[in-house]
Amino acid sequence: MLRYIAYRLALLIPILLAVSLLVFVLLHMGRGDPALDYLRLSQIPPTDAALAEARHTLGLDRPLAEQYLVWLWRALHLDFGTSFVTGRPVLDDLLYYLPATLQLGGAALAVTLLVSLPLGIWAARRPGRWPDQLVRFIAFFGVSMPNFWLAFLMIALFSVLLGWLPPMGRGGLEHLVMPVLAVALMSLSINARLLRASLLEASGQRYVLYARLRGLPEGQVWRRHILRNAWLPVVTAIGMHVGELIGGTLVIETIFAWPGLGRFAVSAVYNRDFPVLQCFTLLMTGLFVFCNLIVDVLYAWLDPRTRLEGAQVC
Amino acid sequence: MLTNAMCLPRSRSWGAWLGAVLVALLLLLTLLGPWLAPYDPTAVDVSQRLQGMSAEHWLGTDHLGRDVLSRLMAGTRLSLGTVVLTLCLILALGIVVGGVAGFIGGRLDTVLMRIGELFMTVPTFVLALFFIGVLGTGLSNVILAIALSHWAWYARMVRSLVISLRGRDYLLASGLAGASRLQSFISHILPSVLGQLMVLASLDIGHMMLHVSGLSFLGLGVSPPTPEWGVMINDAKEYLWTHPQLLLWPGLMIFLTVMAFNLLGDALRDRLDPSLRAGEH
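So, how was this worked out
- Residues numbered from 1 in each chain as written.
- Chains lettered and ligands numbered in written order.
- Predicted model: local features only at pLDDT ≥ 70, side-chain atom pairs only at ≥ 80, totals over all residues.
- Helix = DSSP H or I, 4+ residues; strand = E, 2+ residues; numbered from the N terminus.
- Buried ≥ 20, exposed ≤ 12 C-beta atoms within 10 Å, placed from the backbone.
- Contact = placed C-beta atoms within 7 Å.
- Axes fitted to C-alpha atoms, helices over the stretch in contact; angles between N-to-C directions.
- Parallel < 35°, antiparallel > 145°, perpendicular 65-115°, else oblique.
- Left-handed = near helix turned anticlockwise from the far one by under 90°.
- Expected span 1.5 Å × (residues − 1).
- Nonpolar A, V, L, I, M, F, W, Y, C, P; charged D, E, K, R; others polar.
- UniProt positions renumbered as here; feature names shortened; annotations may be inferred.
- Core = buried A, V, L, I, M, F, W, Y, C linked by C-beta atoms within 7 Å.
- pLDDT = per-residue confidence, 0-100.

With that out of the way, let us pick up the overall build of chain A. For chain A, the helix and strand inventory stands at 13 helices and zero strands. Shown N-terminal to C-terminal, the secondary structure of chain A runs as helices and strands in the order α-α-α-α-α-α-α-α-α-α-α-α-α. A total of 314 residues make up chain A; the buried ones form 39% of that total.

Along the backbone of chain B there are nine helices and zero strands. Written out in order from the N terminus, the α and β elements of chain B read α-α-α-α-α-α-α-α-α. Its C-alpha atoms give chain B principal-axis dimensions of about 75 × 50 × 35 Å. By the burial criterion, 44% of the 281 residues in chain B qualify as buried. Sequence separation of at least 24 residues holds for 69% of the intrachain contacts in chain B that already meet a minimum separation of 6.

Bringing the packing of helix α7 (residues 181-217) of chain B against helix α8 (residues 229-236) of chain B into the picture now. Residue and element names in this part refer to chain B. Following both chains from N to C, one finds α7 and α8 inclined at 40°, their axes separated by 7 Å at the closest point. By the angle between their directions, the pair α7 and α8 is classed as oblique. For the element pair α7 and α8, the recorded crossing hand is right-handed. Between α7 and α8, the contacting residues are S213, S216 and F217 on the first element and W229, G230, V231, I233 and N234 on the second.

Here helix α2 (residues 68-104) of chain B contains 37 residues, and its C-alpha end-to-end distance of 53 Å stays within 8% of the 54 Å for a straight helix at 1.5 Å per residue. Where α2 of chain B ends, the next residue or the one after it, G105 of chain B, has phi of about 70°, a positive value.

This part takes up the interface of chain A and chain B. Interface size, as often reported, equals the accessible area lost upon joining of the parts. Contacts between the two partners involve 45 residues from chain A and, on the opposite side, 43 residues from chain B. For the side of chain A that touches chain B, the secondary structure elements donating two or more residues are α1 (2-29), α6 (130-144), α7 (147-161), α8 (173-203), α10 (218-255), α11 (261-271) and α12 (274-302) of chain A. Here the residues of the side of chain A that touches chain B sort into 31 nonpolar, nine polar and five charged.

Right, let's get into the UniProt feature "domain: ABC transmembrane type-1" (unreviewed entry) in chain A. The UniProt feature table records "domain: ABC transmembrane type-1" (unreviewed entry) at residues 98-295 of chain A. In the segment residues 98-295 of chain A, helix accounts for 85% and strand for 0%; the C-alpha atoms at its two ends are 21 Å apart.

Looking now at the UniProt feature "transmembrane region" (unreviewed entry) in chain A. Residues and elements named next belong to chain A. Taking the UniProt record as the reference, the feature "transmembrane region" (unreviewed entry) is found at residues 94-122, 134-164, 176-195, 230-260 and 280-302. A distance of 35 Å separates the end C-alpha atoms of residues 230-260, which is 84% helix and 0% strand. In residues 280-302, the share of helix is 100% and the share of strand is 0%. The end C-alpha atoms are 33 Å apart.

Residue and element names in this part refer to chain A. The end-to-end C-alpha distance of helix α4 (residues 64-76), which contains 13 residues, comes to 18 Å, matching closely the 18 Å that a straight helix rising 1.5 Å per residue would cover. With one of 13 residues buried, α4 lies mostly on the surface of the structure. Looking one or two residues past α4, L78 carries a phi angle of roughly 60°, positive in sign.

Before going further, it helps to examine the nonpolar core. All names here are of chain A. Formed by 144 residues in total, the largest nonpolar core has its most connected members in A151 and F280. No other element matches α8, which puts 17 residues into this core. Apart from residues no more than four positions distant in its own chain, A151 is found in contact with M178, A182, I252, I255 and F256.

This part takes up the confidence of the model for chain B. Residues and elements named next belong to chain B. This prediction gives chain B a mean pLDDT of 81; 91% of its residues lie at or above 70. Confidence scores differ between elements of chain B, with helix α1 (residues 9-36) showing the lowest mean pLDDT of 78 and helix α4 (residues 124-135) the highest of 91. Contacts for the low-pLDDT stretch residues 1-10, under 50 throughout, to residues beyond four places or in other chains number 17 contacts. Of the regions scoring below 50 in pLDDT, residues 277-281 engages in twelve contacts with residues more than four places distant in sequence or in other chains. Interface scoring of the predicted complex returns ipTM 0.88; its pTM is 0.87.

The subject of this paragraph is the UniProt feature "transmembrane region" (unreviewed entry) in chain B. Residues and elements named next belong to chain B. Under the UniProt annotation, the feature "transmembrane region" (unreviewed entry) is placed at residues 14-37, 78-104, 125-150 and 246-265. Regarding residues 14-37, the helix share stands at 96% and the strand share at 0%, and the terminal C-alpha atoms are separated by 30 Å. Along residues 78-104 the backbone is 100% helical and 0% strand, and the end-to-end C-alpha distance reaches 38 Å.

The interhelical angle for the contact between α10 of chain A and α4 of chain B, taken along N-to-C directions, is 50°, at an axis separation of 7 Å. As judged from the angle between their axes, α10 of chain A and α4 of chain B are oblique. Residue-level inspection shows G243, I246, G247 and L250 of chain A of α10 of chain A in contact with α4 of chain B, the latter providing T124, F125 and V126 of chain B. Here the residues of the contact of α10 of chain A with α4 of chain B are counted per class, giving four nonpolar, three polar and no charged.

Take a look at the structure:
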């Protein structure tokens, strides 16, 4: 098991290197001249001399391969350059906003799991009956709902009309309720339906019939024979949900004035603040890949069959 | 074995009808929306601003006195058209890359799939944001950005579909009959791949719509005077406290559209591809 984890951790390095290369190449293939953006955002008039100087300080006059290696060398020393807009080191800015994003995204993931599990089980225990219908309805509603609209509807109801919850900012638990629900509803719905399908499939297997024939109590059949096997597809899906949750968090943050990466990243996109874009993309990718690693390790722990395959790969 | 399809066949067909009717209405609006609209969707009349519902303005007017109903109707074309265009672009990219990778195989396949995996390593929304940053804001760049951040998923699907068909006897026969590789790909593999891809794509339209409207809500797509649902919500958010109805309508349109396509996609999947029935999307 430890060997498997070490192998997966080691795999992170080539993945992040490759993504950094991809991001670098795409940035330099894109339209426009970063030096021009730099001057515009620093409010320096773009004369020829200023452009040439900016190109030189940004290293744009060197060959592309050399630029990448220089960037990589600095990145390994945690220097991702300075933002064109704020003039501060990019990593400092991003790390300043990251905790709020992690809090919101993490809470949304927790709610996704905690709510979808009972919903999925509840629906699967009585297929076709009203709990199942209700969960189907909720899930259908959830996957069709634009998260930003849901956020506004909740603000209109709970803040404007009823005055129960604060409409913006970060603080206590009451600040978390609406943003977390807005981010989590989609993943929660998909997960509940997935779990239901997976549970129904597992409950149709021969070993479940056999367990019942042996006279095991129904609760035990569900816990030990059905749930145990139905977990697996749901665990795999968590990895996918993390990607969705990251995107949802970025959008929802801008609505609730949540002091996370969302607004910062969107303004970087708007301003074509290249160093920020580059580092932001890498940071989010790293987070995503790391979460998937945890999911895979969890999977290997739950299902010993994959552990063997993993060991063979080493 | 119990599967989803065994429960509630009746409510399913009811949903399919609802989806079909809604989609038909939306397509009608896409084609005729700007002409059916009672007012010019961009005509500013400040004396009439922020009106409630009335006989003249059924859904009221916005902060510049523009008729909300007209903007919703005219906005269908951009909001839905963008999604359809994006999906077409993704399908084209996916078929070309996945088709080449699956049909030719070998080292080219490995290289293409490695590149695809790299794209899939970045969360799609983050990748889309990154591409908009590289390309610049604007509607066409949003379309391109979403296509570039989603193509790899489709390419992978197309590739596996093509590989599953590659060893068939009729392909060998068409090769023996003197058809070129491209010819046999187009006439024997493409039709079957397209059919299955359409089912998957129809299930994805709703999801794609949420993506596109999310980006345009962030102000990265269409520029303000143009009627588009995501932008309308972005405009209306300043008036949340005083005129929340301005937020209600465009969001409801997005919700209904996504719901309609989800209903229709589910029905299409059940009808055309029963093998997908057991698993949930």
